[in-house]
Structure formats: C-alpha cells, structure tokens
Amino acid sequence: MHLHRYEKIWLMLGAGGLALFIVLLCVNAFAMGMAPPSNMEMIDPEKVMETPPFDKPGLKQVGDKEYDAYMTAFAFGFSPTKMEVPAGSTINFHVTSPDVVHGFQIPETNINFMVLPGHISSATHTFDKPGEYLILCNEYCGAGHQVMATTIIVK
Amino acid sequence: MVIARKLDEAIPHTPIQRSAATLSLAYVWVAYAAFGLAALAGMLQGMVRGGIIELPSWTNYYQILTAHGVLMALIFTTFFIVGFIFSGVARTTGGSLHGAALKFGWAGWILMVTGTLMAVVTIVMNEASVLYTFYAPLKASPYFYIGSALLVVGSWLAGFGVFASYRKWKKENPGKMSPLFVFMGVTTYVMWIIATLPVAVEVLFQLIPWSLGLVPTINIMLSRTLFWFFGHPLVYFWLMPAYMAWYVCIPRIIGGHVFSDSLSRLAFICLLLFSIPVGFHHQLMEPGISAGWKMIHVVLTLIVVIPSLMTAFSMFAVFETTGRKKGGSGLFGWLKKLPWTDVRFFAPFVGMLFFIPGGAGGIINASNQINAVIHNTIWVTGHFHITVGAAVALTFFGVSFWLIPALTGRKLTKIANRMGMVQTVFWAVGMFLMSLAMHTMGLQGAPRRTDYTTYMDHPTALGWMDYQRVMAFGGGLLFVSAVLLILILLYLTFYAPKGNTEYPIAETETKQEVPRILERWPVWVGLVAFLIILAYGYPIMEQIQHQAPGSPPFRTW
C-alpha cells in the first residue's frame, strides 16, 4: 500500500510521540507508584452498618500525622460529618456505600474515586495547606445528589 | 458562488429511488424529532445549573437530564446514522435498496421507534430518572430497559439490511472491491453489533430480571464492565459515520477527490479493532479492577490516536490539493479557494476544528492518573459536547442540508444555505462558550450531572458560579441554533422548490489498487475477538468468580 512521504513522517512522529507518552504513563503508574485507586477489598453492601470499621465511621490516628479515615457514602451524605486534622497530615481514605454508586472527590486535590456498593475504595492524600476542604459526591445518586457533601478541616 | 452554480447543473447520478429514500427519511426525521426535544431539555438544564431559572415542582433536574442524554446521545445519533448509511448504500450501489434490505430496514425502524417510545414514556412518568448510563443499583421501570433492548435489536436489523445489500453487490460484481461508502458502512455496523452484545447481555440477563424482582440482587461490577464494554465503542459509532462524510462526501463537495482509498479503509479497520477492548479507561477511578488491567486498556485506547492522525492528514491533504488545483498558491493560499460560503462544507469543517481540542482532551481523559483530575467533573461533559456535540453533530447537520433535499427531490436553495451558515455560527459560538466554561470549571473540581448547588455556600463552589452562567448563556445560543435547524430542515422536507440536489460521493483521482486483505472480514472479526478476549477475558472471569456480594434495587429519586 502506497503512503505519501509526508504522511509517513506525520504518522511516525505521531506514533513515536504516542509510544513515549505510554512509556511515561507506565513509569508513572508502576515505578513511581501513582496508579489510579484500584483497591480490591469487598464488603456486603447490605451489612455495611454492622461491619467494623464502617459501623463506627471516623478518623483513626495510625502514626505521627497519619490517619485512617473510614467513611460511608450514602444517599445523600457522608459519615462522619466532621473531621479535623493538623496541617501536614496524611489521610488514608477508605470508603464504601450501603446503597447506590457514589463519587468521592475533594476539589483542589487529586482525590477523586468511585464508591461502589460491595467494594471498599482507598486513596491517600497529604494535606499541607490549612483550610476547609470540600468533599462532594460526583456520581449521580438520586434526587438529593446535589446536597451530598461534607468538609474536612485542616488546621 | 460555488453552490449556486452547482445546484443549477443536472446532478451527475440517478437520484435515490423512492422506496429507499422514504426509509432513510423516516429514520432521519425520528432523529430530528428526538433532537428537538433533547435540545429543549438541554437548554432548561443549562438554565437551571446556571442559577437562572427554577423548574416547576412537577419535574426535576435529573428527569430532564435523563431525557436530554437518552434522546440526544442514543436516539438522535442512532436514528440519524442508520438513515444516513441506508441512503449512502443505496446511492453507491445503483440508487436503490432491494427487498431484503428494505424489509430489514423497516422492521428495524418499527422496533427502534417502539423502544424509543417505551423509554420516553417511562422517563416522562419519572419512572426512569437513571440517566442514559443507567448504573445499577439505581432501578428504573423494567419497561425502560426493555425499550433500550428494542432500540439495540432494531439497530441490528438495520445492520443486517446493510449486510444484505453488501452481499448482493458483491455477488453482482465478483472480484471487485466494494464502494468505499459501503465498506465503511459495513465496518461501522460490524463494530456496532459486536460492541452492543455486552450491553444486550447486561440488559437481558442482569437488569431486566432484577428490575422485575425475579432475582434479588445484581453484580454491580459486572454490570458496569459490560456497560463500558459497550459505552466507549458507542462514541465510535457516532464518529465513524461522521468520518464517512469527511472521507467520502466532503472531497466531492469541495470539488476534489478521495485522498487514498486504501488509507481510508485502513483507518476504518483500525477503528474497528481499537474501539472495543478499551472500556476500563472509563473505570480508572473504580475499585475492584487492578491497576495492571486498567493500564492494558489505556494503551489500547491510545492506539486510536493513529487512525485519528491518518484522518487529519487525509482531510487536510484533500483540502490543500483541491485548493492548489483551483489556483491557490503560497503556503496557505489554497485555504482561500475552499468553498467557505457553502454550508455543506462549512458546517462539517467547523466540526473538524472542534475535534482538535476534543481529541487532545480525550487523551487526557484516557491517561491513567491524569484522569483523577477530571473524572466525573463537568470537564467530561465539556469534552463530549465538543466531540459528539460539535464535531459529530455539525457534520450530521452539514449532511442533512443536502441529504434531506436529495431524498425529497427538492433544492437546497441559496436562502436555506445562508440560514444554515447562520445556524452553524450560532451552534459553534454556543458550544465554544459552553464547553470552555465546562472545561474550566471541571479543572476546578465542579461535578458533572449535578443540580444547581452552592454546597452550603462553600467558597470553592461559589467560585464556579460565573462559569455556570457562561455555560447557561452558551446553552441558550445552542437552543436558538437548534430551533433554526429544525425550521430549515422542515423547509427542505416540505416547502423548498422541487428540483435536484446532488448526493456528493467522491472518487479517487486515478484508479488505486486496494490490498485485498482489507475486505477479508473473517481476519478482522477474528482479530477483534482476539483483542476482546485479551482485554476482557480474564477480568470478566474474575468478576464472575470472585464477585462482591450483590446489590438490591434502589429508587432514590
């Protein structure tokens, strides 16, 4: 099949750029540990409220300025409703849903993942800057989806 | 003016026979009826989200959002595509469709219209405010799912009609390569039928029994995987017919030739291969799928850059060679020779321009961890409004301006052409403002698919309000454009003067040899199957064997 010379150059540049881009993505994900949140843990969605640690959602300090946040996302809110940590704290979020699919997003950070019933989602973020961070649901979950939010205070 | 001269000439081919034209028109007009309703719903949504109006108590944001998504993304596109492909197949195989193709065509139309009505009634009754992605465990009325299934099965029948025409042509022209338009139509349907199988499985074996209460719970992960197995190729089902117009019709409109027959076919084969095994890039932020499998889908997704670059090269090569032949000189002089006042060229060209940032945004969306910045934000909404809502839609509008009069035996008049230009400008400006606001807000974290909210006056959310008003203003311009479009198309269907309008089909300048392998379907379907098993075989097996406890149904609206 005949290809025009300019077209060969164009496609080679495109394919080369693409290959480089894919290599960078792989290095980023697997060598630098920045893969998207892909936790494999499961839970019975009908028994979330009686399964520890989600029966008592909240912050648990696990180290110096490091916390585990066990949270539930439900129609239409998050539990716990109030969380406070000192600036510079690292929080490992663990979130599940007792009902429909929800989203978990903290604008101005890279925390953004889906919450599926039957699964536990996890992601980690270090909050360096003090402020009142908004946590919102970014997956349509019903009539009250737009009020499903909470905050986390970093002092 | 180029257009005026061309319209006065006798058209260089036999017009499409009545029976095929009626079938095609029946599809196209259902498409535009859905488009009109969807545009109204879309405009209302924009106004609500912009904080400009409030909806009356008998409806709500998510109900009209569902209507907008279903009618625009599923009904308008599918009906238009089926009608367009039938017309082009008739045009390039002698001007008519034979009995079997017509029978399949009408049977498909009846199923698709029935399915559409079932879905629309359940949405109007507020029994199906689950959006067009219908993620379980939100549970709509079973009739909503049955309607969707009928829509899909109807589109298969239409595909069988195109296959029947193709087989007949091959039998009558032994040893010859099929017409380019027909080849592309067949490739599009092969892709579509393979890609809709998983969603058919989801609807028939998961959603319908569960929504009827026959089984208590549903495997959420599997339902989402099956949905996105279909959901991404769906966007290529929108795009491929637009590419057909770009590769085959536009060169003729500007007075040029198909750049390369083989290359056009190769681009379509690449789209067939790499549209389907890529769904996890919509599920990058989900638990339950390992990072390794996500990466495999990301790589397969990004390969689609290659046929996109081929298409970009072909289009601009056609524009340049045609412009130079007409006397354009210098580095960019050929641009001046293109028919800028001919809406049949102008509308799809503006669409192509939108596709450049659209493609770049798509690479961002598909890129593993970068996706975390924009996932489920209104950036994504902005992205598909400049891809399907601008690149594809403007191409379909540009096609409609000649397709409808060609089918009704009327003329695309100067005034209709001029109104089409105005309509295109309104659409382009509206879409530019709306999608720019959406992309910007999305980067700041504003969620998609969300009613007007300030999150209790949180400063982050308050920062989005100005952009939301810009978005609403863009939506208003789009609605004006949509109304104008419907009026122009009504005029072209019923009132324009009788006469001939060309159905533009370009050919290559010299006879080109096309590698035979491009038409060996068992090879390509086999490769598609291989890629699908590679990308989905193990993950789906895992999702069935190690499934999370199932979910009961919920109605939260």
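Along each chain, numbering runs from 1 in the same order as the chain's sequence is written. Going through the entries in the order they are written, you letter the chains from A and number the ligands from 1. Totals for whole chains, interfaces and linings use every residue, but because this is a predicted model, local features are given only for residues with pLDDT of at least 70 and side-chain atom pairs only at 80 or more, for both listing and counting.

### Observations concerning the interface of chain B and chain A
In step 1: Opposite the 57 residues of chain B that make contact, chain A presents 53 residues.
In step 2: The helix and strand labels rest on DSSP assignments: H or I over at least four residues marks a helix, E over at least two residues marks a strand, and numbering proceeds from the N terminus. Looking at the side of chain B that touches chain A element by element, the count peaks at six residues for helix α9 (residues 291-302) of chain B.
In step 3: A breakdown of the residues in the side of chain B that touches chain A according to their chemical character gives 33 nonpolar, 19 polar and five charged. For every residue pair, C-beta atoms are placed from the backbone, and the pair is scored as a contact if these atoms sit within 7 Å. Three classes are used, and their members are as follows: Ala, Val, Leu, Ile, Met, Phe, Trp, Tyr, Cys and Pro are nonpolar, Asp, Glu, Lys and Arg are charged, and the others, Gly among them, are polar.

### Here's the deal with the environment of A:Y67
Residue and element names in this part refer to chain A.
In step 1: As for its position among the elements, Y67 is in strand β2 (residues 66-74).
In step 2: A C-alpha to C-alpha distance of 27 Å links Y67 and V100, two positions 33 residues apart in sequence.
In step 3: With near-sequence residues (within four places) excluded, Y67 lies in contact with L59, K60, Q61, V62, V85, S89 and I91.

### Here we look at helix α2 (residues 18-49) of chain B
In step 1: Spanning 32 residues, α2(B) covers 46 Å between terminal C-alpha atoms, matching the ideal 46 Å at 1.5 Å per step.
In step 2: Downstream of α2(B) by one or two residues, B:G51 has phi in the positive range, about 75 degrees. Take the residue count of a helix, subtract one, and multiply by 1.5 Å to get its expected span.

### A closer look at the domain arrangement of chain B
By convention, interface size is frequently given as the accessible area that disappears when the constituent parts associate.
Residues and elements named next belong to chain B.
In step 1: Domain delimitation in this document rests on an assignment produced automatically or drawn from a domain database. Domains assigned within chain B are domain 1 (177-253 + 255-338 + 520-557) and domain 2 (339-502).
In step 2: Placing the centre of domain 1 and that of domain 2 at their C-alpha centroids yields a distance of 21 Å.
In step 3: For the side of domain 1 that touches domain 2, the elements supplying multiple residues, two or more each, are α7 (220-253), α9 and α10 (305-325).
In step 4: Of all the elements, α7 adds the most residues to the side of domain 1 that touches domain 2, at nine residues.
In step 5: The residue inventory of the side of domain 1 that touches domain 2, partitioned by class, reads 16 nonpolar, three polar and one charged.

### Things to note about the UniProt feature "domain: Cytochrome oxidase subunit I profile" (unreviewed entry) in chain B
In step 1: Per the UniProt annotation, the sites labelled "domain: Cytochrome oxidase subunit I profile" (unreviewed entry) are residues 23-494 of chain B.
In step 2: In the segment residues 23-494 of chain B, helix accounts for 75% and strand for 0%; the C-alpha atoms at its two ends are 16 Å apart. UniProt positions are given in the numbering used here, feature names are shortened, and annotations may be inferred rather than shown by experiment.

### Regarding the domain arrangement of chain A
In step 1: Here chain A is partitioned into domain 1 (1-35) and domain 2 (45-154).
In step 2: Spacing between the C-alpha centres of domain 1 of chain A and domain 2 of chain A amounts to 37 Å.

### Here we look at the packing of helix α3 (residues 61-92) of chain B against helix α4 (residues 99-124) of chain B
Residue and element names in this part refer to chain B.
In step 1: Lines are fitted to the C-alpha atoms to define the axes, a helix being fitted only along its stretch in contact, and any angle between axes, read from their N-to-C directions, falls within 0 to 180 degrees. One way to put it is that α3 packs onto α4 with a least axis distance of 11 Å and a crossing angle of 175 degrees. Compared by their axis directions, α3 and α4 come out roughly antiparallel. Taken together, the residues of α4 that come into contact with α3 (itself represented by Q63, T66, A67, V70, I75, F79, V82 and F86) are G105, G108, M112, T116, A119 and I123.
In step 2: Across the contact of α3 with α4, the residue classes break down as nine nonpolar, five polar and no charged. Oblique is the label for any angle not under 35 degrees, not over 145, and not in the 65 to 115 range, which are roughly parallel, roughly antiparallel and roughly perpendicular in turn.

### Description of the nonpolar core
All names here are of chain B.
In step 1: Counting 236 residues, the largest nonpolar core has A31, F76 and F79 as its most contacted members.
In step 2: For this core, the leading source of residues is α7, giving 24 residues.
In step 3: Those residues in contact with F79 that sit more than four places away from it in its chain are Y27, V30, A31, A34 and M112. Note on terminology: a nonpolar core is any set of buried Ala, Val, Leu, Ile, Met, Phe, Trp, Tyr and Cys residues joined through C-beta atoms within 7 Å. With C-beta atoms placed from the backbone, a residue is labelled by how many other C-beta atoms lie within 10 Å of its own: buried for 20 or more, exposed for 12 or fewer, partly exposed between the two.

### Side note on the UniProt feature "domain: Cytochrome oxidase subunit II copper A binding" (unreviewed entry) in chain A
In step 1: UniProt's entry tags residues 54-155 of chain A with the feature "domain: Cytochrome oxidase subunit II copper A binding" (unreviewed entry), counted in the numbering of this structure.
In step 2: Across residues 54-155 of chain A, helical content stands at 0% and strand content at 56%; the span's end C-alpha atoms are separated by 26 Å.

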